[in-house]
Amino acid sequence: MTTALLKQPTQTLAVRKPNRSFVHGLLSNKKALTGMAVMLVFIALALLAPVLFPGDPSRITAMASLEPSAEHWLGTTAKGQDVLALTVHGSRSSLFVGLTVGFASTFIGILVGLASAYFGKFIDEALSLATNVFLLLPGLPLLVILAAFLPPGLGTVILVLVVTGWAGSARVLRSQALSIRSKDFVAAAVVSGERAGRIMFREILPNMASIVMGTLLACVIYGIGAQAGLEFLGLGDVSTVSWGNNLFWAGNEGALLTGSWWVFIPSGVCIALVAFALALINYAVDEVTNPRLRKIKTPKNTERSASK
Amino acid sequence: MRFILRRLGFYLIAFWASITLNFLLPRFMPGDPVSRMFARSQDRMQPEQIEALRKLLGVDDRPLLEQYTDYLHNIFTGQMGVSISRFPTPVTEVISSQIGWTLLLGGTALVIAAVAGNLLGILAAWRRGGAIDSALPPLLVFIGSFPYFWLAMGALYLFGVVLNWFPIRHAFTDGLEPGFTWEFIGDAGAHLVLPALTIVLVSVGGWMLGMRNTMIATNSEDYITMAEAKGLRPGRIMLRYAARNAMLPSVTSFGMGLGFVVGGALLTEVVFAYPGVGYQLLNAVQGLDYPLMQGLFLTITAAVLLANFLVDILYVRLDPRVRSN
């Protein structure tokens, strides 16, 4: 949020250059590195799932409700499916939906936020009104209702999550775009007669990179979590294998009441690890761009950062 | 006053949008909800009721505008039709018997999480780099990363099934007569612990981090330095000077949190089979009980909007800057 403020003292030219110190700061940030490492592991698992566990992961291969053992590392479900295979294959759908929802809702957020900030007046009023209404409508009940009326399937899940998820990013991006809109170099671009689209996407947007990244990460976290919730309620496509569906079946087959803890723990932990990794990257982005939040390390920095 | 009127206008528009959404959804979605419902309800429904349902859900042949005005009229006179899954109870009756449990669960969880989270945030910011500040935020963020229905399942398994400390289903023991007796209140309280605990666990981190970050900004203000120079007690500076001024964003979050109370406890309610509106909404969806579904969605939306409006009014009292705007 304060990126623009921090860069203000430098020359306007410097503001417009892609920020190399940002990437560097991110790569030397421990939180960011941990988060990225965890994400890479999960992405690798998702890509390699068909190699590691060939065939349909939901086919029945063993006795029902076996405890974890050398043969089935994470045990089996009440149907006799291998939990590890289900978990590894589940990452495919969960990461895919999370990333798709994240990118799509950030994209809508960018369009709405930039248009709102750039055009102002009536367009801003109308778009802000729509944004605020969508922010206020209770998300989860709306998700449930939409999912109930639409035919079940992956497309529906993605559509529903984007519809309920774009507003938050639009609001954040609008306020950031507004502060950049009022900068001199934007005014200069307007006076020199550049097209609106060019000003929005070539002049304003590059200066919002860190905020866009922050909202993107938040949207992906939202997408993964909300998909899991929706599927846990049985409102997704129950025939696909995903972390949310694994939990739905675990609940449906009474894994809790029979004490088969190994059936519901893996998928939940995976969701949490992915969300935590993304949150770590997100905090790192904040820390790199906002010195106030940085950990106090050397006494030299302490006075400055604590008092200003 | 102008500010409040403007906000009121906004909430009216938001409510109109949700009413209209509710109206349009069954009309533009594929399939015929009434036939599906009829197939489910076997012989309980009479032909004239089906006709009434068709009207309610707009599967009849009248022009859309006429249906819309009819629909609006019905909503503002409180006629939301009859529940199918609990035929022939009116939708309004089903909802009013359940919203209390949701408010109890969500309200308890919200208040505990907000108070605890804000206090922790204040302490963390006041002693920056101290034990609370370095250990708690990452831990709470990690806990907050778990889907909260999953934490609910974990709590149910650990404290309910394995340790058997708390009941695992419903809001009170079956067969107990609801009323203001000690026995009933104690029983309902015991049923409340696990669901409320899981919501608190997931949400407390957000409160804490929000408060911490505003407090850090507030701590560097001149009036804090001034207060320190005057030699006031640190506890007084922390609470009366710094925290009080850092509270404002928390008030807004509280408004948002109130929205979460009504709609967001849904998954927790489902895990614990807690008889609130969220659990009922899922039942309505599974039972293809469209009138109940729509009624619940409208009630939840109206409650969220009302709560936010009340917080807006409170905000004007707390922050004079809003008034001049």
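Higher on the page you've got the structure.
Residues numbered from 1 in each chain as written. Chains lettered and ligands numbered in written order. Predicted model: local features only at pLDDT ≥ 70, side-chain atom pairs only at ≥ 80, totals over all residues. Heavy atoms only, no water.

Draft legend 1. A look at the overall build of chain B. A count of helical and extended segments in chain B gives 15 helices and 0 strands. For chain B, buried positions account for 47% of its 325 residues. When contacts within chain B are restricted to residue pairs at least 6 apart in sequence, those whose partners lie at least 24 apart make up 73%. Total accessible area on chain B is roughly 15,700 Å²; 65% of this is exposed by carbon and sulfur atoms. (Helix = DSSP H or I, 4+ residues; strand = E, 2+ residues; numbered from the N terminus. Buried < 20%, exposed > 50% of the residue type's maximum accessible area, 1.4 Å probe, protein only. Contact = heavy atoms within 4.5 Å. Areas by Shrake-Rupley, 256 points an atom, 1.4 Å probe, with all protein chains shown as cover.)

Draft legend 2. Just the overall build of chain A, in detail. Assigned secondary structure in chain A consists of 14 helices and 0 strands. Burial statistics for chain A: of 308 residues in total, 50% are counted as buried. Long-range contacts, defined as pairs at least 24 residues apart, comprise 71% of the intrachain contacts of chain A with a sequence gap of at least 6. Working note: accessible area of chain A is about 14,600 Å², and carbon and sulfur atoms make up 67% of it.

Draft legend 3. Seen up close, unusual backbone geometry. With phi around 45°, Lys121 of chain A is a residue other than glycine that occupies positive phi space. With respect to the secondary-structure elements, Lys121 of chain A resides in helix α6 (residues 121-136). Of note, Ala273 of chain B is a non-glycine position whose phi angle comes to about 50°, a positive value. Relative to the helices and strands, Ala273 of chain B is located in the loop between α12 (266-271) and α13 (277-286).

Draft legend 4. Structural context of the packing of aromatic side chains. The tally for this structure, following the rule as stated, stands at 18 aromatic pairs over all chains. An angle of 85° between the planes, with centres 5.0 Å apart, marks the rings of Tyr118 of chain A and Phe119 of chain A as edge-to-face. A centroid spacing of 5.4 Å and a plane angle of 55° characterise the contact between Phe134 of chain A and Trp166 of chain A, whose relative ring orientation is tilted. Of the two residues, Phe134 of chain A sits in helix α6 while Trp166 of chain A sits in helix α8 (residues 154-181), which places them 32 residues apart along the sequence. Under the relative-accessibility criterion, Phe134 of chain A is labelled partly exposed at 29%. Within the aromatic cluster, the residues linked to one another by ring pairs are Phe264 and Phe276 of chain A together with Phe142, Phe146, Trp150 and Tyr157 of chain B. (Phe/Tyr/Trp six-rings, centres within 6.5 Å; stacked < 30°, edge-to-face > 60°.)

Draft legend 5. Spotlight on the pattern of salt bridges. Residues and elements named next belong to chain A. Tallied over the full model, the rule gives 4 salt bridges over all chains. Here Glu194 ties to Arg198 by a salt bridge, and the two come within 2.5 Å at their closest N and O atoms. Using a relative accessible area of 35% as the deciding quantity, one classes Arg198 as partly exposed. (Salt bridge = Lys/Arg side-chain N within 4 Å of Asp/Glu carboxyl O.)

Draft legend 6. Fine view of the environment of Ser58 of chain A. All names here are of chain A. Along the chain, Ser58 falls in the loop between α4 (30-52) and α5 (83-119). Its relative accessible area of 26% is what places Ser58 among the partly exposed residues. For the pair Ser58 and Leu217, spaced 159 residues apart in sequence, the C-alpha to C-alpha distance is 30 Å. Filtering out sequence-adjacent residues up to four positions away, Ser58 remains in contact with Gln81, Leu86 and Val241.

Draft legend 7. Here's a closer look at the interface of chain A and chain B. The interface of chain A with chain B comprises 45 residues on the first partner and 51 residues on the second. In this assembly, chain A packs against chain B so that about 4,300 Å² is buried in total across both faces, 83% of it on carbon and sulfur atoms. Of all residues in chain A, Leu136, Phe149 and Leu256 of chain A give up the largest surface area on contact with chain B, accounting jointly for 18% of the area buried on that side. For the pair chain A and chain B, the interface holds 0 salt bridges. Scanning the region where chain A abuts chain B turns up 1 residue pair in polar contact (both at pLDDT 80 or more). Among the secondary structure elements, those contributing two or more residues to the side of chain A that touches chain B are α6, α7 (139-149), α11 (209-232), α12 (243-252), α13 (261-289) and α14 (299-307) of chain A. Tallying contributions element by element places α13 of chain A first for the side of chain A that touches chain B, with 12 residues. (Buried area = accessible area lost by both parts, 1.4 Å probe. Polar contact = N/O pair within 3.5 Å; in protein donor to acceptor, adjacent residues only side chain to side chain.)

Draft legend 8. Broad picture of the nonpolar core. Within the largest apolar cluster, 120 residues are counted, with the highest numbers of intra-cluster contacts made by Phe149 and Met293 of chain B. With 11 residues, the single largest contributor to this core is helix α14 (residues 290-318) of chain B. Once residues within four sequence positions are removed from consideration, Met293 of chain B is found in contact with Ile145, Ala148 and Phe149 of chain A together with Leu281, Ala284 and Val285 of chain B. Ala177, Phe185, Met208 and Ile211 of chain A belong to the second largest nonpolar core, which has 17 residues in total. (Core = buried A, V, L, I, M, F, W, Y, C linked by side-chain atoms within 4.5 Å.)

Draft legend 9. Representation of a positive patch on the surface in the model. All names here are of chain B. Residues Lys230, Arg233, Arg236, Arg240 and Arg244 make up a contiguous surface patch of positive charge. Here Lys230 lies in the loop between α9 (222-229) and α10 (234-246). Among the residues examined, Lys230 registers a relative accessible area of 52% and is labelled exposed. (Patch = residues over 30% accessible without salt bridge, like charges linked within 9 Å, V, L, I, M, F, W, Y side chains within 5 Å. Lys, Arg positive; Asp, Glu negative; His and termini not counted. Charge placed at Lys NZ, Arg CZ, Asp CG, Glu CD.)

Draft legend 10. The environment of Ala37 of chain A, seen in detail. By secondary structure assignment, the location of Ala37 of chain A is in helix α4. Expressed as a C-alpha distance, the spacing of Ala37 of chain A and Pro68 of chain A, which sit 31 residues apart in the sequence, is 27 Å.

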